[in-house]
Each structure stands twice: as C-alpha cells, then as structure tokens.
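A structural walkthrough
Residues per chain are reported as follows:
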Amino acid sequence: MNTATPAVTYRTQAHLAPLTGHLRVPGDKSISHRSIMLGALACGITEVTGFLQGEDSLNTLRCFRAMGVSISDPVDGYVRIEGAGLQGLRPPAQPLYVGNSGTSMRLMAGILAGQAFDTVLEGDESLSRRPMKRVIDPLTQMGAVIESAEGGRSPLIIRGGQTLHAINYVLPMASAQVKSCVLLAGLYATGATCVTEPAPTRDHTERMLTGFGYAVNRSESTACVVGGGHLAARAIEVPADISSAAFFMVAASIAPEADITLLHVGMNPTRTGIIDILNLMGADITLHNLREVGGEPVADIQIKSAQLSGIDIPESLVPLAIDEFPVLFIAAACAVGRTVLTGAEELRVKESDRIAVMADGLQKLGIDATPTADGMVINGRGDEATPLGSAEIWSEGDHRIAMAFAVAGLRAQGVITIHNCEFVETSFPGFASLFRRCGGGLQDTVALGAHA
Ligand code: S3P
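Residues numbered from 1 in each chain as written. Predicted model: local features only at pLDDT ≥ 70, side-chain atom pairs only at ≥ 80, totals over all residues. Heavy atoms only, no water.

Let's talk about the site of the ligand
How we decide: Near residues are defined by distance, with any heavy atom within 4 Å of the molecule or strand qualifying the residue. In protein, a polar contact means a hydrogen-donor-capable atom and an acceptor-capable atom, both N or O and within 3.5 Å, with residues adjacent in sequence counting only if both atoms are side-chain atoms; elsewhere, any N or O pair within 3.5 Å suffices. Computed with the Shrake-Rupley method and a 1.4 Å probe, the accessible areas treat only the protein chains shown as cover for residues. Each residue is assigned to one class: nonpolar for Ala, Val, Leu, Ile, Met, Phe, Trp, Tyr, Cys and Pro, charged for Asp, Glu, Lys and Arg, and polar for all the others, Gly among them. Marked domain ranges trace back to an automatic or database domain assignment.
Near the ligand, the surroundings consist of S30, R34, T103, R106, S175, A176, Q177, R202, I322, D323 and K350. Within the contact set of the ligand, an oxygen atom lies 2.7 Å away from a side-chain nitrogen or oxygen of S30. Between the ligand and the protein, one listed contact pairs an oxygen atom with a side-chain N or O atom of K350 at 2.7 Å. The fraction of the free accessible surface of the ligand (390 Å²) that becomes covered by protein chains is 95%. Here the residues of the shell around the ligand sort into two nonpolar, four polar and five charged. For the shell around the ligand, the domains that each give at least three residues are domain 1 (7–27 + 239–447) and domain 2 (29–237).

Right, dumping it as structure tokens:
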C-alpha cells in the first residue's frame, strides 16, 4: 500500500441468507512469493497458475522485474517467468520496495546477501516497525554485510560481493521466514547450510526447492542445502490459501444454518493447525477429495454451523496456525466457555500486534478478552444468538484484523465499522464481494481521498 491508496471502510450488516455455496479463495501467499523467487533464480521458463494477485506477492514480482527478470503481467493467476539463473540477477536502479510484506523482505534478504551488487530493501510503515535482526544475525554469521535502521529495522542495505559460508543455524524462534532466508542464502554459500527449528513451521521453501531439482536434506527438525547447485524451472499450480479459507471456515462455523465448501485448499500439514483447533472446539468440518497437486496436498473443505466450545489451545499447534489467530479469537468469542492461548508471542510482531489489537477490538464488542504476554484468555458468550455488540474498529493496517472483524459481524447485535481495510488487498483481493456472494452482510466503502 502507498499513501495514495484510497482508504476502505467495512460496515458489517446482518447476513442476508444462510452462508452457503462452493467457493475458491485466492492462491496461497507463501507459495506465490516463492514461485516468483525460485522461478526467477531457475534456469528455464516457470509457468505459474493460481498465483495470488495480492499486493504482497505482486511486490515480490515487481522486485525481481527490477532486477532484470522477465515476468509476465499476471492474468487470472497465470504468470510466466523467464528464469535468470542463480547468478543472473542484475542491480536494480532503485531501492526494492516490498510494501507490507515481511515474507518478501526476509526471504529476499537471504537471496540478496549472495549477490555481487548492493541493494536496498524497504517497506511500508508497518513493515518498518517489524524485527529484521532475526535475519540480519544469521546472514551476518554467514559473512553478509547488512546495514539497518535503529534496532535492526528496515530499510536494509545489503552489501554485495561478499563470500558467504555455510552455517548450522538453530532458530531462536519458530519462523518459516527466517528458516527460508537462511536456506536461500545457503544456495550461495560454500558448504552445507543447515537450519534447525524449535517446532515445525511451514515447509514450502524446502518442498519447492526440491521441486525445482535442488537437493534439500531433511531430518526431523533440520533442513540443509549445499551451495553452488542450480534450479531447474518447472510448472507450479498454487492451491487456494488455507489462511484465507480460515475466514470462511470460522464464518460458516459461527453463522446459523451455514454449509459452505471451500475448493482446492492447500492442506500442507505445516499449515492445517486451523482445522485441528476448530475441530477441538467442536466444529463440523469434512474434507473431500484429498489429493496431491504439484507436491502439495490439496482438499475441498466443507464446513457447517456448529456450537463451538472454548479450549486450551495446544502450544504445538501455534506455529501451524500462526496467521489464523485473529479469526480464531472471533471463534473463541462465539464459543461457550473459556479459550486460552499461550506460546504465541510471535503474534505481537506480525503486521500489527495481533494480541493487543484483537483484545482491544473484542473488548469494544463486549467480550471478556484478556491479553497476556504470549496469548489471550477469552471468555466466550456463544450461547447467545448475538454474543457480540457493535463497535468501531481500527485494523491498524493489518489485513487479517480487518477480515476477522468482518466475520465477527455475523454474530453481532449491531454494525461493526472497520477502518483501513485497504490492506486486505495484500492477501485477499475480492474478500468483501466473495463474503457477500456466499450470503455474508458486508458493505465496503472506498474513500475519495488518500488514507492517513
Ligand atoms: C510466512 C511465514 C510466517 C507467516 C507469514 C508467511 C512464510 O511468518 O506468518 O504470513 O511465507 O514463510 P513467520 O516466519 O514470521 O512466522
């Protein structure tokens, strides 16, 4: 998003009819980013279908174009990338702008550390507040030279022409972005770079590198790559994003008489924590047509209304549902009894502080929600038809906060007004119209002026 982007406000309305229908949410954001990155670094033509045409993955695409890679304009999710090879990127004329996208900045930092030229990576206001030291530290250990703003924040100036050497890195936090950053830098390092994670996180980088013909040695919690190989172009079919599907999974669970089916959703086991958590809460979820597409499991997910119950969320599921907590908090508010989340301090450094912003919004809606250092305690009021009140919410430039409160409108007594929903474009273009199409009440208004 830039300052010229018009502000968008959502106003929830009573839903028009029971939520029903078959729908396909947009392509997976994590896989879309990686399809551009690996396609650009491969030898040959990579054709991508199902690409997410959201601002985040489009920013990644623009950055690689700025480094001389020929990439077609995405049309209906189709993108064609003429790979430049691992050594084929060219110096960009200007700083590389990644907008709101932490994935772009952290993964690209790994790739750029191995280039012969200098680059500057910068993002929007929200991204400039997020921690980048977590990638600067291991890259520096590998021999990269990176300058940052105070406190290890962006913009990052990455000095080219360094010799990278392999390291064995034990991740201090469960982060797929940091893991991927180090592995991508490892493609340019001498020796075997290994990353060990404290808990399983999404493994799209490992799977996709393997798909591009680059050997990744994986044992239980460690992944290793040996530098100096090459990537061979391949076709990629991006499944629908389970993190976007999550909004409809919770929507159908909390709305009366709902029955929706989400088509072709990515079911990578490092992403399915949302299904496990909702099942523990008593959701009515059926998987149909489980199949494998291009190295990733995919299924159609049917969800019907159910009375949810509060639970203690197992900490082992936290990294597997890390992006889904804003909407899971709405599920907890509509559940009977208490839900307790712990071990989720990473939520404080996402696009917003998702613990603080969600607790504040839930309290405004009349819910007993107590933020803690690493999670939240929510006393759900799910035995009432409309457990939530009405309120004005600021999404703090966070797409998932905006969509979570839009879903909350399905069980609210009055209108929930949500400001700064333009950021929904980063991951889920067309959210409001898809929500309306399956029966959800949501008005989206675009302001005439630019947003503040
Ligand atoms: C992502 C990893 C996660 C996730 C983000 C996408 C990725 O971030 O929250 O939306 O594509 O690797 P962390 O690695 O910071 O947990």
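On we go.
Re the sheet that holds strand β9 (residues 153–159)
Put simply, the test is: If DSSP finds at least two bridges between two strands, the strands pair. Strands are runs of DSSP state E lasting at least 2 residues, helices are runs of H or I lasting at least 4, and numbering of each runs from the N terminus.
Pairing within the open sheet is mixed, and its four strands lie in the order β6-β7-β9-β8. The open sheet is flanked by β6 (96–97) and β8 (145–149), the only strands paired with a single partner. Here β6 runs beside strand β7 (residues 119–122); their pairing, made up of two bridges, is parallel. Pairing of Y97 across the sheet is with E122, part of β7.

Describing the state of the cysteines
Short version of the rule: Here, the term disulfide refers to a pair of cysteine sulfur atoms separated by no more than 2.5 Å.
Taken as a whole and judged by the stated rule, the model has one disulfide. Across the disulfide from C194 sits C224; the S-S distance is 2.2 Å. Classification of the bridge connecting C194 and C224 rests on its S-S torsion, roughly 110°, and on that basis the disulfide is right-handed. Of this pair, C194 sits in strand β11 (residues 192–196) while C224 sits in strand β13 (residues 222–226); the two residues are 30 residues apart in sequence, bridging distant segments of the chain. Here C334 stays free of any disulfide, with the sulfur of C438 as its closest cysteine sulfur at 16 Å.

Considering the packing of helix α2 (residues 55–66) against helix α3 (residues 102–112)
Between two packed helices, both the angle of their axes relative to each other and the distance between the axes serve to describe the pair. Worth spelling out the cut-off: Structural elements are reduced to axes, namely lines fitted to C-alpha atoms, with helices fitted over the stretch in contact, and the angle between N-to-C directions of any two is expressed from 0 to 180 degrees. Throughout, the term roughly parallel applies to angles under 35 degrees, roughly antiparallel to angles over 145, roughly perpendicular to angles from 65 to 115, and oblique to all others. Take the far helix as the reference: if the near one is turned anticlockwise from it by less than a right angle, the crossing is left-handed, and if turned clockwise, right-handed. Residue contacts follow a heavy-atom distance rule, with two residues in contact if any of their heavy atoms lie within 4.5 Å.
Contact geometry for α2 and α3: axes closest at 10 Å, N-to-C directions at 25°. In terms of orientation, α2 lies roughly parallel with respect to α3. The two elements α2 and α3 cross, and the hand of that crossing is right-handed. Of α3, the residues touching α2 (which contributes D56, T60, C63 and F64) are S104, M108 and I111. Among the residues making up the contact of α2 with α3, the classes are represented as four nonpolar, two polar and one charged.

Examining the sheet that holds strand β17 (residues 296–304)
The strand order across the open sheet built from four strands is β2-β15-β17-β16, with neighbouring strands paired in mixed fashion. Both edges of this open sheet fall to β2 (20–23) and β16 (284–293), since each of them pairs with a single strand only. Each strand of the sheet is rotated relative to its neighbour by a mean of 15°, with strand direction disregarded. Where strand β15 (residues 259–266) lies against β17, six bridges are found, and the strand directions are antiparallel. Its bridge partner being in β17, T261 is matched across the sheet by Q302.

Concerning the pairing of strand β21 (residues 391–394)
What counts here: When a residue's accessible area, from a 1.4 Å probe over protein chains only, is under 20% of the maximum for its type it is buried; when over 50% it is exposed; and in between it is partly exposed. When the strands point away from the viewer and the connection leading from the first strand across the helix to the second strand turns clockwise, the crossover is called right-handed.
Residues A391 and I393 point to one face of β21 and are all buried, whereas E392 and W394, pointing to the other face, are not buried. Sheet topology note: the β21/strand β22 (residues 416–419) ladder contains four bridges and is parallel. Looking at β22, one finds that A391 is bridged to I416. Once you follow β21 into helix α12 (residues 399–408) and on to β22, the crossover reads as right-handed.

Some thoughts on the side chain of N268
Mapped onto the secondary structure, N268 falls in the loop between β15 and α9 (273–280). The residues touching N268, leaving out its near neighbours within four places in the chain, are D203, H204, R207, E296 and P297.

As for the pattern of salt bridges
Operational definition: The term salt bridge refers to a side-chain nitrogen of Lys or Arg lying within 4 Å of a carboxyl oxygen of Asp or Glu.
In this structure the tally under the stated criterion is 26 salt bridges. Residue R354 pairs with E351 through a salt bridge whose shortest N-O separation is 3.0 Å. You'll find R354 and E351 in the same group, each marked buried. Between K364 and D360 there is a salt bridge, and its shortest N-O distance comes to 4.0 Å. Here D360 and K364 lie together in helix α11 (residues 354–364), a separation of four residues that amounts to about one turn. Among the charged side chains, a network of salt bridges with common partners joins R130, R202, D323, E351, R354, D398 and R400.

Things to note about the packing of aromatic side chains
Test applied: Only Phe, Tyr and Trp rings are paired, with Trp represented by its six-membered ring, and only when their centres lie within 6.5 Å; those with planes under 30 degrees apart are stacked, over 60 edge-to-face, the remainder tilted.
This structure, assessed with the given rule, holds eight aromatic pairs. Aromatic pair F247 and F431: ring centres 6.2 Å apart, planes at 70°, arrangement edge-to-face. Residue F247 is found in helix α8 (residues 242–254), and its partner F431 is found in helix α13 (residues 431–437); the two are separated by 184 residues along the sequence. Where F248 meets F428, the ring centres are 6.1 Å apart and the plane angle is 50°; that geometry is what we call tilted.

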